[in-house]
Amino acid sequence: DHVACRLRHRDGHEEQTDARFVVGCDGAHSTVRDLAGIPFAGATYPQTFVLADVEADGVAPGAAHVFVSAQGMLFLFPLVRPASWRLLAMRPRHDPSPAAAPTLAEVQALADGYTGSTVRLHDPVWMTNFRLHHRAATRYRTGRLFLAGNAAHIHSPAGAQGMNTGIQDATNLGWKLAHVLRGANPALLHTYEPERAPIGRMVLRMTDRAFTIATATNPVAAFARTRLAPALLPLAFKATKGRAYLFRTVAELNIRYRRSQLSVDVGQAPRRGLRAGDRLPDAPVVHNGAPTTLHAAVTRPGWHLLLCGPTRRWPAELEQVGRRHPGLLTVHHLTTDPGPDVLYDPTGTALARLGVPAARNAVLLVRPDGHLGYRAATAEMQSLVAYLERWLPRPENA
């Protein structure tokens with residue numbers, strides 16, 4: 001019924017403590033994962049990279065710069081401190097993997113090969129050689145031990161999803177632990193791995209593909225990297241729809257949990273559009289005469305029940321369902337009918353983004369992490385109450 005822990009502090013002294021649960025957010029070399037006996041399956045990429053915080057002349061400030069060649073890519077990212085630039089570059093394949101940190105002369109020679117000697121590096125703060133890994137924990141939980149972030153999955157930085165994925169893990173697990181500690185059904189914790197492990201595997205596949213394109217030296221990949229990408233990507237980023245598509249599908253920011261136990265669609269689930277398990281989309285609305293957004297309206301901690309449709313008149317028992325879970329459930333009216341204390345949708349844009357047809361009603365229950373847990377096209381109370389009683393803490397513990 002607990003985990004016995006020995007904590008070693010920075011100054012070396014140790015203390016014993018007992019915890020209900022332990023979450024290993026302790027990185028690629030996770031002690032929690034090792035002690036839990038969870039394998040970390042995967043491999044190391046063959047390439048060696050250089051990372052350096054340096055000053056650089058010859059590049060415009062305030063923007064990231066990418067230099068592409070048949071051998072790979074070099075990135076310069078603008079920083080404020082400890083140096084103006086962070087350099088990331090792939091060493092040529094024929095380069096042996098050095099054990100010692102690179103010298104400024106070595107990094108400058110590498111940069112010359114990528115930039116045509118147009119960038120001069122100086123005043124390095126820190127430089128290192130490193131290898132990249134692609135690995136995933138075979139499970140995210142053993143008993144009362146959980147893994148999140150780099151302890152559960154590591155991959156190449158291609159796609160820039162490492163930090164995002166770890167934060168999503170923590171957000172998904174955090175509210176579930178809080179609920180269970182307040183008396184909710186312990187089965188709630190069984191939904192963490194089924195929801196997050198597929199996302200970790202998906203990000204691993206995505207970054208592997210991107211990394212292969214960025215580092216492969218075969219003629220097709222080199223042509224795509226040096227000719228097609230520089231011509232097409234700027235055009236895509238200039239168009240608003242192009243940017244949205246890249247972030248939504250290439251960067252895989254549209255995370256869904258449609259197959260989760262927590263995702264319940266009452267009635268026939270829509271073939272297209274918003275379903276239980278999807279993240280709540282954002283849209284402009286008006287609250288008490290002031291413009292706001294759906295996301296801003298559901299920032300209060302806990303669950304949010306959206307009564308959506310053209311009217312503010314709902315069954316009294318549905319309006320009062322929030323009283324069953326004080327402090328945990330907030331009820332909102334999202335409607336095209338203006339009035340006090342409603343989320344007024346004058347153009348119907350918000351309802352359309354939620355997939356609520358004109359002149360129809362829908363009940364949407366938003367989880368604490370911003371995803372839909374429950375969706376119904378009717379005001380049917382029994383299934384909603386059963387859902388809330390199954391997954392929310394008991395009112396006396398709330």
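Residues numbered from 1 in each chain as written. Predicted model: local features only at pLDDT ≥ 70, side-chain atom pairs only at ≥ 80, totals over all residues. Heavy atoms only, no water.

### Here we look at the overall build of the protein
And then number 1: Scanning the protein for helices and strands turns up 10 helices and 19 strands.
And then number 2: The buried share among the 398 residues of the protein stands at 42%.
And then number 3: In the form shown here, the protein has an accessible surface area of approximately 20600 Å², with 56% of it arising from carbon and sulfur atoms. (Helix = DSSP H or I, 4+ residues; strand = E, 2+ residues; numbered from the N terminus. Buried < 20%, exposed > 50% of the residue type's maximum accessible area, 1.4 Å probe, protein only. Areas by Shrake-Rupley, 256 points an atom, 1.4 Å probe, with all protein chains shown as cover.)

### A word on the sheet that holds strand 4 (residues 40-57)
And then number 1: What the 6 strands build is an open sheet, ordered 5-6-7-4-8-11; its pairing is antiparallel. Every interior strand has two partners, whereas the edge strands, strand 5 (65-69) and strand 11 (153-154), have only one.
And then number 2: Sheet topology note: the strand 4/strand 7 (residues 85-90) ladder contains 6 bridges and is antiparallel. The residue bridging Val-54 from the neighbouring strand is Trp-85, located in strand 7.
And then number 3: Strand contacts of helix 2 (residues 104-115): strand 4, strand 5, strand 6 (72-78), strand 7 and strand 8 (120-137), with the helix running at about 80° to strand 8, the strand carrying the most contacts. (Pairing = 2+ DSSP bridges. Contact = heavy atoms within 4.5 Å. Axes fitted to C-alpha atoms, helices over the stretch in contact; angles between N-to-C directions.)

### Brief notes about the pattern of salt bridges
And then number 1: Following the criterion strictly, the structure yields 13 salt bridges and no others.
And then number 2: Between Asp-57 and Arg-120 there is a salt bridge whose closest N-O contact spans 3.0 Å. In this pair, Asp-57 is assigned in strand 4 and Arg-120 in strand 8, connecting sequence segments 63 residues apart.
And then number 3: Its salt-bridge partner being Asp-265, residue Arg-275 comes within 4.0 Å of it at the nearest N-O pair. Remark: Asp-265 occurs in strand 12 (residues 264-266) and Arg-275 occurs in the loop between strand 12 and strand 13 (284-287); sequence separation between them is 10 residues.
And then number 4: Take Arg-275: its relative accessible area is 25%, and that puts it in the partly exposed class.
And then number 5: The partly exposed category is assigned to Asp-265, whose relative accessible area is 22%.
And then number 6: Where salt bridges share partners, they join Lys-176, Glu-195, Arg-367 and Asp-369 into one cluster. (Salt bridge = Lys/Arg side-chain N within 4 Å of Asp/Glu carboxyl O.)

### A look at the side chain of His-179
And then number 1: With respect to the helices and strands, His-179 occurs in helix 3 (residues 162-181).
And then number 2: A polar side-chain atom of His-179 sits 2.8 Å from a polar atom in the side chain of Trp-303.
And then number 3: Those residues in contact with His-179, other than ones at most four positions away along the chain, are Ala-184, Leu-188, Trp-303, Leu-328, Pro-368, Trp-391, Leu-392 and Pro-393. (Polar contact = N/O pair within 3.5 Å; in protein donor to acceptor, adjacent residues only side chain to side chain.)

### Side note on helix 2
And then number 1: Look at helix 2: 16 Å from first C-alpha to last across 12 residues, which is about the 16 Å you get at 1.5 Å a residue.
And then number 2: Of the residues making up helix 2, those classed as buried are Val-107, Gln-108, Leu-110, Ala-111, Tyr-114 and Thr-115. Viewed end-on, helix 2 has its buried residues packed into an arc of 160°, placing them on one side of the element. Exposed and oriented more than 90 degrees from the buried face of helix 2 are Ala-105, Ala-109 and Gly-113.
And then number 3: Close packing links the buried residues of helix 2 with strand 4, strand 5, strand 6, strand 7 and strand 8. (Expected span 1.5 Å × (residues − 1). Arc of directions from axis to C-beta.)

### A word on the packing of aromatic side chains
And then number 1: On inspection of all chains with the given rule, the structure shows 8 aromatic pairs.
And then number 2: Each member of the aromatic cluster is reached from another via a ring pair, and the members are Phe-21, Tyr-140, Phe-146 and Tyr-192.
And then number 3: Here Arg-33 stacks its cationic end above the ring of Phe-40, 3.7 Å away from the centre of that ring. (Phe/Tyr/Trp six-rings, centres within 6.5 Å; stacked < 30°, edge-to-face > 60°. Lys NZ or Arg CZ within 6 Å of the ring centre and 35° of its normal.)

### Let's talk about the confidence of the model for the protein
And then number 1: Residues of the protein with pLDDT of at least 70 account for 87%, and the chain-wide mean is 88.
And then number 2: Mean pLDDT values for the elements of the protein range from 59 in helix 6 (residues 240-250) up to 98 in strand 10 (residues 145-147). (pLDDT = per-residue confidence, 0-100.)

### A look at helix 3
And then number 1: For helix 3, built from 20 residues, the straight-helix expectation of 28 Å at 1.5 Å per residue is met to within 8% by its first-to-last C-alpha distance of 29 Å.
And then number 2: Looking only at helix 3, the buried set comprises Thr-165, Gly-166, Asp-169, Asn-172, Leu-173, Trp-175, Lys-176, Leu-177, His-179 and Val-180.
And then number 3: Gly-183 occupies a position one or two residues after helix 3 and carries a positive phi of about 105°.

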